[in-house]
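Secondary and tertiary structure notes
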Amino acid sequence: MTPVLRWIKSHLVVVICAVVIAVVPMAAWYVSSGMSATLKTELQQTASKVKDLARYTSTTVALEVPGAAPISVQGVVNPKLLEAYEKAVATIGAQAEIVHAAGLARNQTLNGRVRGADDLLAGHFPAPSSKPELEEMPFLLHENLLAAYRSLLTDVRAGIPPTRDDVSEQLSRRRDVFVSGARKDSVDQLDEGETVAMQKELTAARLNIYRSHVLGEGGTTPISFYASPSVLPIPSPPTSMMPLGEMFEWQWQFWVTQDLLHAFAAANGDGVVIGGPMKRLLSMSIAPLDVELQESGASGGGSGFGGGTPGMGTPGGSAPGRKGRGGNDGGAGSGGGGGGAPANPIGSGPADPGEAQIDPSAAAAIDKSISITGRTSNSVYDVRTLDCTIVVATRGLPAVIDAIAAQNFMTVLDVQLQPANAFAAAADGYLYGIEPVSTVKLRIETIWLREWTADAMPGDLREALGIKSTPKTVPGQAG
């Protein structure tokens, strides 16, 4: 064994350590070079993904919301986001259905009673079942309409002062009692002082009569506000057959009047006219529908709406030779403008138009140049505008306007106000109380959802308004 091998053998640990010290740095350099390249590649790939993620987080996504404008969201679209979006849309959709149902019920219901085709004359709208019913319909409908308006005034506690004859009769008895108490045989025998005293007593008695009438102390119903049938849009009695659409207008205007008068009653609450903000309805007119009823072969002229009583056609007028109720000749010139035979006087009666096709989800255009609301009649609802003149406590006008807005889908579009003379009104028996009062002219917009009104409309009016219908299947007829 050579001396070198003997030395290595004797110093084996030292040799191994020396070899390790020499080899390990080179091996580490080699291994680390490979790891650095791999790590560098991985870091480059990660950096690229981070850049993509940053780009995605700055991306704007438009999320559609039912019934509203899309919502812009900035971020990454992922399954959790989509799941949350679907839940939100479902919740919004359910809430929209609830709001829609509540709005429809609010528009159709009055004091818990659902309004509809049979409100005035059951079984006649959208079409009577027989020709005899059709011929009698204008007269029966008008009779029921008068009764309905009288009932409406009673429901809202609207009334008028006692008649002059009633007041004069009571004051005459009071005067006789005064003369008898003065131990005179007649008024002419009273001296000047007694005459003045009598006049003061009769003046106080007269006001007390009016006040007692308002408060219901004489067994009458307390008066919430003053109104009489003469200021309501009640049509003249018919003289002959009429288009069904024109007769339906009577029904429609009654609904409008119902809402307005109930709003006035709500403004005064359980109180009476003396203490409430609403004092008196002086006049009321409903703008006519801007349509023309289509003529038919047996019609004798479709009149449309307009003329006569404000806001509606004047009843009367039909084809020559037609006989009105009681056998009166219903010639074209007998009742002024606005008559005519119904649109479908065929067979046993006019055809039932069937179910109205109304899409409540259709968009309604808004035109602010028309009014402050911009609403006009469309495929979803009809706009009926009315004008009324009222007397209110000047300070209480906001309460009256709020009551109108709360009653239904009603909006005050215009207000004109001027001072009113309470003393002159008191001379006629209208007691307004001690507060200053004003005469106010209001223009009011009312909204009527076709989802319920269209099914009650007769075929001629639907056609004039552009409402399509699904005809009912006639028994024995195909389809």
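Here we summarise the structure given alongside this text. (Residues numbered from 1 in each chain as written. Predicted model: local features only at pLDDT ≥ 70, side-chain atom pairs only at ≥ 80, totals over all residues. Heavy atoms only, no water.)

Where helix α5 (residues 164-181) meets helix α6 (residues 192-215), the axes come as close as 10 Å, and the angle between the chain directions of the two elements is 145°. As for the relative orientation of α5 and α6, their crossing is right-handed in sense. Residues Val 167, Gln 170, Leu 171, Arg 174, Arg 175 and Phe 178 of α5 form the contact with α6, whose participating residues are Glu 194, Ala 197, Met 198, Glu 201, Leu 202, Ala 205, Arg 206, Ile 209 and Tyr 210. Residues that form the contact of α5 with α6 fall into these classes: nine nonpolar, one polar and five charged. (Axes fitted to C-alpha atoms, helices over the stretch in contact; angles between N-to-C directions. Helix = DSSP H or I, 4+ residues; strand = E, 2+ residues; numbered from the N terminus. Left-handed = near helix turned anticlockwise from the far one by under 90°. Contact = heavy atoms within 4.5 Å. Nonpolar A, V, L, I, M, F, W, Y, C, P; charged D, E, K, R; others polar.)

Attention now goes to the nonpolar core. Counting residues in hydrophobic clusters, the biggest one holds 70 residues, and the most contacted among them are Phe 264, Leu 281, Cys 388 and Ile 390. With 14 residues, the top contributor of residues to this core is helix α7 (residues 244-268). For Phe 264, the residues in contact, after removing those within four places along its chain, are Phe 225, Met 278, Leu 281, Cys 388, Ile 390, Val 400 and Ile 404. Ranked by size, the runner-up nonpolar core spans 22 residues in total, among them Phe 178, Val 179, Ala 426 and Leu 431. (Core = buried A, V, L, I, M, F, W, Y, C linked by side-chain atoms within 4.5 Å. Buried < 20%, exposed > 50% of the residue type's maximum accessible area, 1.4 Å probe, protein only.)

A separate point is the pattern of salt bridges. Taken as a whole and assessed by the stated rule, the structure comprises 12 salt bridges. With its nearest N and O atoms 2.9 Å apart, the salt bridge here joins Glu 194 to Lys 184. Within this pair, whereas Glu 194 is found in helix α6, its partner Lys 184 is found in the loop between α5 and α6, the two being separated by 10 residues in sequence. Salt-bridge contacts for Arg 395 lead to Glu 435; the nearest nitrogen and oxygen are separated by 2.8 Å. In this pair, Arg 395 is assigned in the loop between β9 (381-393) and α8 (397-407) and Glu 435 in the loop between α9 (422-427) and β11 (437-449), connecting sequence segments 40 residues apart. You can call Arg 395 exposed: its relative accessible area is 70%. In this structure Glu 435 comes out as partly exposed when scored by relative accessible area, which is 26%. (Salt bridge = Lys/Arg side-chain N within 4 Å of Asp/Glu carboxyl O.)

As a further point, take unusual backbone geometry. At the junction of Phe 125 and Pro 126, the peptide bond is cis and its omega measures out at 5° in the coordinates. Position of Pro 126 relative to the elements: it lies in the loop between β4 (113-114) and α4 (131-155). Positioned with a positive phi, Arg 157 is a non-glycine residue whose angle comes to about 60°. Counting through the fold element by element, Arg 157 comes out in the loop between α4 and β5 (158-159). Of note in the backbone geometry, Arg 183 takes a positive phi value of approximately 60° without being a glycine. Along the polypeptide, Arg 183 turns up in the loop between α5 and α6.

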